[in-house]
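Working through the structure, step by step
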Amino acid sequence: MQFKENFIWGAATSAYQIEGSFDTDGRGLSVWDAFCEKRGVIHGGHTGKVACDHYNRYREDVAIMASMKLQAYRFSFSWSRILPEGVGRVSVKGLEFYDRLIDTLLEHDIAPYATLFHWDFPQELYVRGGWLNPESPNWFAEYTSVVADRFSDRVSDWFTLNEPPCFLGLGHVDGTHAPGLKLDWSDFFLATKHALMAHGRSVQVLREKCKKTPNIGYAPISHIAIPVDESPENILAAEKFTFGTQDAARGFWFARLYLDPVLKGEWPEDAVAVLCKNGPKVSNADLAVMNQPIDMLGLNFYAAPTVRAGAEGKPEVVAENPGSPRTGFDWSITPEGLYWSVRFHHERYGLPVVISENGLSSLDWVHEDGKVHDPQRIDYTSRYLKSLHRAHAEGYAVDGYFHWSLLDNFEWAEGFKHRFGMVHVDFATQRRTLKDSAHWYRTVVESNGAALASNPVRNAVVVVETSEGKISTPYKC
Ligand code: IFM
């Protein structure tokens, strides 16, 4: 069950979800700060103003990562902490925070995997049109340049954009995420065009400016499907669902829209036409900007529907059995999807893959014994990792796995309702408690996956702090 020798084991977070200190040291506001001020848009009226207070507690958080033996940490920069107005004036204090974070990671031998954009678009640029402004790719390039100049002596691994369907679709069509717009399809495609060009410009800048040879990735989230069985016709149906012709009901979730321009230099006119009669003009020159060579594809994977081949091989979604397992977010639990996600993306685009996010929210609290018992997270992660191992064993290039998330954090429109962390955060006191899954994950990391072969819950190890120091004990169910 082991993974290859240099497989990377990590966990992920993003700036707005954990940092807090929303106006400290001159940080500029982002669309999420503004969105959270609106009534009724975030569960419980929560905001990311304090979140996990990671801005002040990053040292403790890195020490926790080290105790979990993490080899890498995927975090995002807050654009408006570095450039409070989005372009122009640079905040030295903002840069210094990330200096401290990166240096602390490196002191602990944890590789920083930096994401440039995880949804917190600078508010000052939003009022200038945001992603609808044709200047937005240049704004993102300028920001990338500042980041590369400052940090690329220490950061080698980069992701440009995280999950465009969410910040573009949920944010600009659904209106349920910041900036809360309900644009028509033609404007949505215009914003998408600019965001994908921003990705391309950012890759160009990283290649030009990085002091160490960069390993550059992109982390779209693709809605894939799982074949109901492994017959050739059902596999083909699942692949068609994943990359085939657009189905209007799937709207902005259609995977090829965010993948083909970036990885093939092709604008999926067929998919656009299903939703929009007069989409924006996308020239070959625009596509050439989007289609920069990258080194890795980040796959964020949580859940997928199952399909079978219907009439003429058309994919048909198979209804779930009543009572099938689901997460706290009510997402289905579909570990085999991790295998199919790697396989389908690898077959179509041929890039090495890193699982840039995977995890679940569950109902976790600190128990009477002072621990957080989260057997569901252990079982879920064990199953998904076994499925990932299948892809790895079949020879697909899988280079790493980042669990979402390191910490319980601000889950966007859901506020603090959902706990995704392997580390519990008490948001009243900011006390961190490693959940059982964090201790278990350490055994997986230390054994490079071999620990997955044993019963995951029974064999988890718990480190107990006593007056005599730290004692490791096998977890007792
Ligand atoms: O918390 C989010 C993250 O910011 C992006 N991917 C999905 C996670 C869980 O919803």
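Report on the accompanying structure. Position numbers for residues start from 1 in each chain and track the written sequence from start to end. The predicted origin of the model limits local features to residues at a pLDDT of at least 70 and limits the giving and counting of side-chain atom pairs to 80 or more, whereas totals for whole chains, interfaces and linings rest on all residues. Water and hydrogen atoms were dropped before computing side-chain values, which therefore reflect all heavy atoms in the structure.

Things to note about the overall build of the chain
Counted only if it meets this: Strands are runs of DSSP state E lasting at least 2 residues, helices are runs of H or I lasting at least 4, and numbering of each runs from the N terminus. Under the scheme applied here, a residue whose accessible area is under 20% of the maximum for its type counts as buried, over 50% as exposed, and between as partly exposed, the area being computed with a 1.4 Å probe on protein chains only. In this analysis, two residues are considered to be in contact whenever any of their non-hydrogen atoms come within 4.5 Å of each other. Note that accessible areas follow from Shrake-Rupley with a 1.4 Å probe, and for residues the cover is restricted to the protein chains shown. By the counting rule applied here, Lys and Arg register as positive and Asp and Glu as negative, while His and the ends of each chain are not counted. Here the site of a charge means atom NZ of a Lys, CZ of an Arg, CG of an Asp or CD of a Glu.
Regarding its fold elements, the chain presents 16 helices and 15 strands. Burial analysis of the chain (477 residues in total) assigns 60% to the buried set. Residue pairs in contact within the chain that sit at least 24 positions apart in sequence constitute 76% of those at least 6 positions apart. Looking at the chain as shown, the accessible area adds up to about 18,000 Å², and 50% of this sits on carbon and sulfur atoms. Of the side chains in the chain, 48 bear a positive and 60 a negative charge, and the two mean positions are spaced by 1 Å.

Things to note about the sheet that holds strand E2 (residues 72–76)
The test is simple: Pairing between strands is defined by DSSP: at least two bridges between the two strands are required. Axes here mean lines fitted to C-alpha atoms, for a helix over just the part in contact, with angles spanning 0 to 180 degrees between N-to-C directions.
Around the barrel, eight strands lie side by side as E1-E2-E3-E4-E5-E7-E10-E11; this closed barrel has parallel pairing. The average angle at which neighbouring strand axes cross in this sheet is 25 degrees, direction not considered. Contacts between helix H5 (residues 92–107) and the sheet are confined to E2 and strand E3 (111–117), with E2 contributing the most and set at about 170 degrees to the helix. Sheet contacts for helix H14 (residues 336–349): strand E7 (296–300), strand E10 (353–357) and strand E11 (398–404); angle to E7, the most-contacted strand, approximately 150 degrees.

Digging into the site of the ligand
For clarity, the cut-off: When we say a residue is near a molecule or strand, we mean one of its heavy atoms is within 4 Å of it. Polar contact is defined as a pair of N or O atoms within 3.5 Å, subject to the rule that within protein one atom must be able to donate a hydrogen and the other to accept it, and that residues adjacent in sequence are counted only when both atoms are side-chain atoms. Gly falls in the polar group here, along with every residue not listed as nonpolar (Ala, Val, Leu, Ile, Met, Phe, Trp, Tyr, Cys, Pro) or charged (Asp, Glu, Lys, Arg).
Around the ligand sit Gln 17, His 118, Trp 119, Asn 162, Glu 163, Tyr 302, Trp 331, Glu 357, Trp 404, Glu 411, Trp 412 and Phe 420, and those are all the residues in its vicinity. His 118 places a polar side-chain atom, nitrogen or oxygen, 2.8 Å from an oxygen atom of the ligand. Within the side chain of Trp 404, an N or O atom sits 3.2 Å from an oxygen atom of the ligand. Alone, the ligand offers 280 Å² of accessible surface; in the complex the protein occludes 95% of this. The class makeup of the residues in the shell around the ligand is six nonpolar, three polar and three charged.

A look at the side chain of Ser 405
Relative to the elements of secondary structure, Ser 405 occurs in the loop between E11 and strand E12 (423–426). Among the polar contacts made by the side chain of Ser 405, one reaches the main-chain carbonyl oxygen of Ala 12 at a distance of 2.8 Å. Within polar-contact distance, the side chain of Ser 405 engages the side chain of Asn 409 at 3.1 Å.

Some details on the pairing of strand E8 (residues 306–309)
Across two bridges, strand E6 (residues 226–227) lies against E8 in parallel orientation. If you follow Ile 226 over to E8, its bridge partner there is Thr 306. For E8 and strand E9 (residues 315–317), the ladder comprises three bridges, and the chain directions are antiparallel. Paired with Val 307 across the strands is Val 317, a residue of E9. Connecting E8 to the next strand, E9, in antiparallel fashion are five residues, including Glu 312 with a positive phi near 55 degrees.

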